[in-house]
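Remarks on the overall topology
Take a look at the letters that make up each chain.
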Amino acid sequence: MKKILFIGGILPEKKLNEIISNSICNVDFAAHNFQKKILKGLDDNNCSYDVLSVPFISSFPKYYKKIKINEFNDRNMQYLKFVNLPYYRIFSRYLTLKRRIKKYSKYNQDFDVIIYSLHYPFIKNAKNIKKKFPQCKINLVVPDLQEFMSTKTNFIFKMLNKIEIKKTNKYLKYIDNYVFLTEYMNNKLNVYNKPYVVVEGISNFNLSKETNNFFNETEKYFAYTGTLAKRYGIMHLVNAFLKTKRENIKLIICGHGEMAEQLKKISLENDKIIYKGLVSPEESAEIQKKAFALINPRMNDEEYTKYSFPSKILEYISNGKPIICYKLDGFPNEYDDILIYPKDNSIESLSDCIDEVANYSNELIAKIKKNSAKFIELKSPKKMVEKILNLYNNN
């Protein structure tokens, strides 16, 4: 098989602490982890690859403290520099990637490409690659649709976003294959009827090993780790948790977003709620491992849920814990036996569901862990990336 050139926005592992300290908003660890799992899958399938990353870092000065992102190289992974000013950063990211692809192609003549995300600087460069290497197959992984990627509602942003979507779509004719998270994505985006595969997510590399849990016979902890956005149901979860009848349960929340300040206040007033703020991926993983159960409160009440599969679902399953969430339109039916759904969208139903799970016996918890281990094996990096690689082989 040809060498793969992976183009994305993965963050440099050796710079994560620096990125966290310079971030004023949430760091996109969901995208970072998804890309890591794709690269792990390439390794597991014995693929040779190189990485060109223009890291997914928020813009200066409102969301990030630095105006210039410096280059950083680590073995076969090159993290490119760019100017981080709002709006101009789109051009800067495109240009730095264009130059590096040109340099890369001087020493590599026979390769295929995986592009991660519908990011305009990436998609526009697909045209440049195809013009120079028409035999190169370009595979686009689509984790989100652009019109649903932000909660910003101001007129200027919405107008610019529409322009960017229109410009991005113009270059989709240079894409050979797609990887979608849901079947609905194909119906919405695949206007040229290209081959595609649905990969809703990729599990962590192995089921989490046992750790000293945050719970015992008298006290149990539930956890939510992720973006603190109103549209993701975080306040719905908090209100439901505060209504639970059990006195010996607590909710740990970590992440950043628009609801952060409100959560800080609530956690000071209610000892059932523990807010830890933005934490590293390692600390987030440790919290998940030690919790009694995990919760994702995103509800199936907006159009975007058709085109969404929360990455934390497979991340949660990899921990072998009970998982409470709502069934989204984008969920395959095979998840119904693994996930625990509240009866309806009411606060009362979620609260009752939490109380019910808190009463699970040790035997039931052990059964959930066993079923989770079998399930995540089907979604391993090797197996899911193999589906992606088959697109190159079959087309």
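Residues numbered from 1 in each chain as written. Predicted model: local features only at pLDDT ≥ 70, side-chain atom pairs only at ≥ 80, totals over all residues. Heavy atoms only, no water.

**Observations concerning the pairing of strand 9 (residues 177-180)**
A two-sided burial pattern is seen for strand 9, the buried positions comprising Asn 177 and Val 179 on one face and Tyr 178 and Phe 180 on the other. Sheet topology note: the strand 8 (residues 138-142)/strand 9 ladder contains four bridges and is parallel. Residue pairing for strand 9: Val 141 is matched across the bridge by Val 179. Note that strand 9 and strand 10 (residues 196-198) share three bridges and pair parallel. Note on strand 10: the bridge partner recorded for Val 179 is Val 197. Regarding the hand of the β-α-β motif, the stretch spanning strand 9, helix 6 (residues 183-189) and strand 10 is right-handed. (Buried < 20%, exposed > 50% of the residue type's maximum accessible area, 1.4 Å probe, protein only. Helix = DSSP H or I, 4+ residues; strand = E, 2+ residues; numbered from the N terminus. Pairing = 2+ DSSP bridges. Right-handed = clockwise from strand over helix to strand, strands pointing away.)

**Re a positive patch on the surface**
On the surface, Lys 68, Lys 81, Lys 98, Arg 99, Lys 102, Lys 103, Lys 106 and Lys 132 cluster together to form a positively charged patch. Among the elements that make up the positive patch, the one with the highest residue count is helix 3 (residues 88-107) (five residues). (Patch = residues over 30% accessible without salt bridge, like charges linked within 9 Å, V, L, I, M, F, W, Y side chains within 5 Å. Areas by Shrake-Rupley, 256 points an atom, 1.4 Å probe, with all protein chains shown as cover. Salt bridge = Lys/Arg side-chain N within 4 Å of Asp/Glu carboxyl O. Lys, Arg positive; Asp, Glu negative; His and termini not counted. Charge placed at Lys NZ, Arg CZ, Asp CG, Glu CD.)

**Let's talk about the pattern of salt bridges**
Pairs can form between side chains of opposite charge once their charged atoms are near each other. By the definition in use, this model includes 19 salt bridges. Note that Asp 44 is salt-bridged to Lys 40, the shortest N-O span being 2.9 Å. Residue Asp 44 and its partner Lys 40 are both found in helix 2 (residues 29-44); the two are separated by four residues, about one turn of the helix. The salt bridge partner of Arg 100 is Glu 71, with a shortest N-O separation of 2.9 Å. Here Arg 100 is found in helix 3, whereas its partner Glu 71 is found in the loop between strand 3 (68-69) and strand 4 (72-74), with 29 residues between them in sequence.

**A word on the sheet that holds strand 7 (residues 111-116)**
With mixed pairing, the eight strands of this open sheet are ordered in space as 4-5-2-1-7-8-9-10. Two strands lie at the open edges of the sheet, namely strand 4 and strand 10, each paired on one side alone. Taking each pair of neighbouring strands and ignoring which way they run, the sheet shows an average axis angle of 15°. Pairing analysis gives five bridges linking strand 1 (residues 3-8) to strand 2 (residues 49-53), with the strands arranged parallel. By the bridge assignment, Ile 4 is partnered in strand 2 with Tyr 49. (Axes fitted to C-alpha atoms, helices over the stretch in contact; angles between N-to-C directions.)

**Examining the environment of Lys 130**
Assignment of secondary structure puts Lys 130 in helix 4 (residues 120-132). Separated by 44 residues in sequence, Lys 130 and Tyr 174 have C-alpha atoms that sit 6.7 Å apart.

**Side note on the environment of Ile 90**
Considering the arrangement of structural elements, one finds Ile 90 in helix 3. Through-space distance from the C-alpha of Ile 90 to that of Gly 226 is 26 Å; in sequence the pair is 136 residues apart. Those residues in contact with Ile 90, other than ones at most four positions away along the chain, are His 119, Tyr 120, Pro 121 and Glu 164. (Contact = heavy atoms within 4.5 Å.)

**Brief notes about a nonpolar patch on the surface**
A cluster of nonpolar residues, Tyr 87, Phe 155, Ile 156, Met 159, Leu 160 and Ile 163, forms a patch on the protein surface that exposes about 630 Å² of accessible area. The residue Ile 163 is located in helix 5 (residues 155-170) in this model. Look at Ile 163 and you get partly exposed, because its relative accessible area is 43%.

**Here we look at empty space enclosed by the protein**
What the rule picks out here adds up to two cavities of 30 Å³ or more. By volume, the largest cavity amounts to about 70 Å³. Surrounding the largest cavity, Ala 30, Asn 33, Phe 34, Lys 37, Gly 201, Ile 202, Ser 311, Leu 314 and Glu 315 form its lining. Of all the secondary-structure elements, those providing two or more residues to the lining of the largest cavity are helix 2 and helix 10 (311-317). Ranked by the residues each element gives to the lining of the largest cavity, the list is headed by helix 2, at four residues. Classifying every residue of the lining of the largest cavity by side-chain character gives four nonpolar, three polar and two charged. (1 Å grid on protein atoms, 1.4 Å probe; cavity = no way out; pocket = protein on both sides within 12 Å on 5 of 7 lines; lining within 4 Å. Points joined across faces, edges and corners; volume = space filled by probe spheres on them. Nonpolar A, V, L, I, M, F, W, Y, C, P; charged D, E, K, R; others polar.)

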